[in-house]
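Fold and geometry: a report
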Amino acid sequence: MESKKWDDRYAENGYAYGAEPNAFFKYRLDQLSPGKILLPADGEGRNGVYAALQGWQSTSFDISIEGQKKALQLAADLGTTIDYQVGDFQTMGFQPLSFDVMALIYAHFPGPVKSDFHQKLSTLVKPGGIVIFEAFSKNHLPIVQANPAVGGPKDLDTLFSLEELDTDFHDYEVLYRAEEIVTLNEGKYHRGQASVIRFVGKKH
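Before going into details, it helps to say that this report is about the structure given with it. (Residues numbered from 1 in each chain as written. Predicted model: local features only at pLDDT ≥ 70, side-chain atom pairs only at ≥ 80, totals over all residues. Heavy atoms only, no water.)

**What about the pairing of strand E6 (residues 172–186)?**
On a regular strand, each side chain points to the face opposite its neighbour's, so the side chains alternate between the two faces of the sheet. Sheet analysis places E6 next to strand E7 (residues 190–203), joined by 14 bridges and oriented antiparallel. Counted as the bridge partner of Val 182 is Ala 194 from E7. Where E6 hands over to E7, the hairpin turn is made up of three residues, of which Gly 187 adopts a positive phi near 60°. (Pairing = 2+ DSSP bridges. Helix = DSSP H or I, 4+ residues; strand = E, 2+ residues; numbered from the N terminus.)

Now the structure itself:
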C-alpha cells in the first residue's frame, strides 16, 4: 500500500525532506496576505507549519499517519498549530470555494488520477485564490535514474508537464509558469540537481 511506503519513510529519525519550507513555496507565500491555506500531500508538515507561523489558517492532509505525527510535533515545537487530516481528501468534507491559497508542493498523485484530483481540489479554491505548485517534471526521469538521491517518482505518468498544468488549471490567470533545473537540498531524500515544474495561478 502507498500509505505504508510513506509511513515507513516518515517513521525514520529526522525529517525526510527537512523541517524548512520549500524555497519556491516560501518565496511565493511571503508575497501574500494571510488567510486560509490548503496543503495537499503535506507529508511531515514543513510547509503547512511554515504557513501557520506566518499567520495563515493552515490545513494539511496526507495518507500517512506517521507524517501527521511529525507535522503536529513540528508545529508544537515551534509554538503553532495546524489542522492535519489523514486519508482520502474526497471524504474529508472540505467546502467548495473555501481556501484563499492551495499549495501543491511535490504532491505527486498517481498518473491515472492526478488531473482529476487537481480539478477536484481546484473547486476548494475561492475565486481570486492562488495555487502555488512545484513538482518534478517529466524530464526529471533520466535525472533521478542517474542520481536516486534527488528523489522523485520513477514512472513518467506520475511526473508533470507544463501542458498538463495548463489543462488542469485552465481557469486560472497564469502568474508564473516554468520548467526549471534547480538544486534541491531538502532533507535526505531531495538532494541534487532536479528538473521541476513551477506554476502560480490566480483563479478566475
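**Observations regarding the nonpolar core**
Judged by nonpolar contacts, the single largest core of 48 residues is most densely connected at Phe 25, Ile 37, Leu 104 and Leu 121. Broken down by element, this core gets its largest block of residues, seven residues, from strand E5 (residues 125–136). One finds Val 49, Ala 52, Leu 74 and Ile 82 within the second-largest nonpolar core, a separate group that totals seven residues. (Core = buried A, V, L, I, M, F, W, Y, C linked by side-chain atoms within 4.5 Å. Buried < 20%, exposed > 50% of the residue type's maximum accessible area, 1.4 Å probe, protein only.)

**A word on helix H1 (residues 2–10)**
For the α-helix, the turn length of 3.6 residues means that residues three or four positions removed from each other point alike. Where H1 is concerned, the buried positions are Ser 3, Trp 6 and Tyr 10. In an axial view of H1, the angular spread of the buried residues amounts to 70°, which keeps them on one side of the axis. Its buried side turned inward, H1 meets helix H4 (65–77). (Arc of directions from axis to C-beta. Contact = heavy atoms within 4.5 Å.)

**Looking at the sheet that holds E5**
Strand order in this open sheet of seven strands is E3-E2-E1-E4-E5-E7-E6, and the pairing throughout is mixed. In this open sheet, the two edge strands, each paired with only one partner strand, are strand E3 (83–86) and E6. Going from strand to strand, the sheet's axes swing by 15° on average, the running direction of each strand aside. (Axes fitted to C-alpha atoms, helices over the stretch in contact; angles between N-to-C directions.)

**Considering the pattern of salt bridges**
A complete count under the given rule lists 14 salt bridges for this structure. Between Lys 126 and Asp 100 there is a salt bridge, with its nearest N and O atoms 3.1 Å apart. One end of the pair, Lys 126, is in strand E5; the other, Asp 100, is in strand E4 (residues 99–105), with 26 residues separating them in the sequence. For Glu 164, the salt bridge is made with Lys 114, and the minimal N-O distance between the two is 3.1 Å. Placement of Glu 164 in helix H7 (residues 162–168) and of Lys 114 in helix H5 (residues 114–122) is noted, with a sequence separation of 50 residues between them. Salt bridges here are not isolated pairs; linked through shared partners, they connect Lys 114, Lys 138 and Glu 164. (Salt bridge = Lys/Arg side-chain N within 4 Å of Asp/Glu carboxyl O.)

**A few points about the layout of surface pockets**
Taken as a whole, the largest pocket holds about 970 Å³ of empty space. Elements represented by at least two residues in the lining of the largest pocket include exactly H1, strand E1 (36–40), helix H3 (46–53), strand E2 (57–62) and E4. Ranked by residues supplied to the lining of the largest pocket, first place goes to H1 with five residues. Residue classes in the lining of the largest pocket are distributed as 22 nonpolar, ten polar and eleven charged. (1 Å grid on protein atoms, 1.4 Å probe; cavity = no way out; pocket = protein on both sides within 12 Å on 5 of 7 lines; lining within 4 Å. Points joined across faces, edges and corners; volume = space filled by probe spheres on them. Nonpolar A, V, L, I, M, F, W, Y, C, P; charged D, E, K, R; others polar.)

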